Amino acid sequence: MKIFKTRDYNDMSRTAANIVSAQVILFPKSVLGLATGDTPIGMYNQLAKKCDQGDVDFCAIKTVNLDEYVGLAREHEQSYYYFMWTHLFNKINIKRENVFLPNGQANDLEKECSDYEAIIERMGGIDLQVLGIGCNGHIGFNEPSSAFTKNTHVVNLTESTISANSRFFDKKEDVPKRAVSMGIGTIMQARRILLLCSGKQKSEILYQSLYADIDPIIPASILQLHPNVTVVADQDALSAIV
Ligand code: F6R
């Protein structure tokens, strides 16, 4: 595991964008696994800038997102579909047909989950998976549990995740209670993982994820078993470690 310690959020975003850019430049047909949330927004801004300057070309890149809320229309401002188009896809030269997110409005969610796994498999798997981490250690929407989940599945969000995400909604009751998420198994099959983390409020969970026992109660702790993880975190997030 490589850990890059950065000064602050901006520095984390630039470093992460450089790593993703290197992947795209060296392997222009890569499959990128992408995350939403506050953490990767700065990195997406940097990637958009690099694309605009002609330094990085996304025309042959494919993307799969980690997760999506159940029940939100794609046009809903808090859907992850809307997030990704707003923060990244509208700003880079990616092809619409190369972008994949779970459909949280599918009538048959079980089928949606197995179809999503099949899409990833058909692409040949994920070359580089970008992850954020929740304050409870979740990755994707894989919440603390008694067992690691395997494939893409429907998740009941925990109270702590609903509370954390209520900052994006008018009121807490508006936060969807369920989501479709790649499983821990899906994430672990990615060839490379890039975990981003910023802020003091994440320092304890980052420490536990990287150094405590591997336990599904801290889903991110499974990353200790992945052969190719790069952590890019600012000094606040790393303050419990170094
Ligand atoms: C988002 C996702 C989540 C977030 C996590 C951290 O697609 O999968 O696991 O990465 O909740 O969110 P932020 O970055 O908002 O702290």
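Since the structure is predicted, the reported quantities are computational estimates derived from the model, not experimental observations.

Some points on the packing of aromatic side chains
No. 1: Summed over all chains, the structure comprises seven aromatic pairs.
No. 2: A ring pair is formed by Tyr69 and Tyr80, whose centres lie 4.8 Å apart and whose planes are at 45°; its orientation type is tilted. Taken together, the residues Tyr69 in strand β4 (residues 67-69) and Tyr80 in helix α3 (residues 80-87) connect sequence positions eleven residues apart.
No. 3: The exposure class of Tyr80 is buried, given its relative accessible area of 10%.
No. 4: Pairing Tyr69 with Phe169 gives two aromatic rings, centres 5.9 Å apart and planes at 80°, and the pair type is edge-to-face. Taken together, the residues span a long stretch of sequence, with Tyr69 in strand β4 and Phe169 in the loop between α5 (159-165) and β8 (178-181) at a distance of 100 residues. Across this residue pair, the class does not change: Tyr69 and Phe169 are buried.
No. 5: Following the ring pairs from residue to residue traces out a cluster consisting of Tyr69, Tyr80, Phe141 and Phe169.

Some words on the sheet that holds strand β2 (residues 31-34)
No. 1: Pairing is parallel across the open sheet formed by seven strands, whose spatial order is β1-β10-β9-β6-β2-β3-β5. Of all the strands in the sheet, just β1 (2-6) and β5 (99-100) have a single pairing partner and so form its edges.
No. 2: Relative to strand β6 (residues 128-131), β2 runs parallel, the two being bridged by two bridges. Bridged to Gly33 within β6 is Gln129.

Remarks on the pairing of β8
No. 1: Across three bridges, β4 lies against β8 in antiparallel orientation. Considered in β8, the bridge of Tyr69 is made with Ala179.
No. 2: Taken together, the four bridges between strand β7 (residues 153-156) and β8 define a ladder with antiparallel strand orientation. Looking at the pairing, Val155 lines up with Ala179 of β8.

Here we look at the pattern of salt bridges
No. 1: Scanning all chains against the criterion turns up seven salt bridges.
No. 2: One salt bridge in this structure joins Arg7 and Asp11, with 3.8 Å as the shortest N-O distance.
No. 3: Here Asp11 falls in the buried class, since its relative accessible area comes to 10%.
No. 4: For Asp11, the salt bridge identified is with Arg14, shortest N-O distance 3.0 Å. Of this pair, Asp11 and Arg14 both sit in helix α1 (residues 9-26), three residues apart, which is roughly one turn of that helix.
No. 5: Owing to a relative accessible area of 39%, Arg14 belongs among the partly exposed residues under this scheme.

About the cut-offs
- Residues numbered from 1 in each chain as written.
- Predicted model: local features only at pLDDT ≥ 70, side-chain atom pairs only at ≥ 80, totals over all residues.
- Heavy atoms only, no water.
- Phe/Tyr/Trp six-rings, centres within 6.5 Å; stacked < 30°, edge-to-face > 60°.
- Helix = DSSP H or I, 4+ residues; strand = E, 2+ residues; numbered from the N terminus.
- Buried < 20%, exposed > 50% of the residue type's maximum accessible area, 1.4 Å probe, protein only.
- Pairing = 2+ DSSP bridges.
- Salt bridge = Lys/Arg side-chain N within 4 Å of Asp/Glu carboxyl O.

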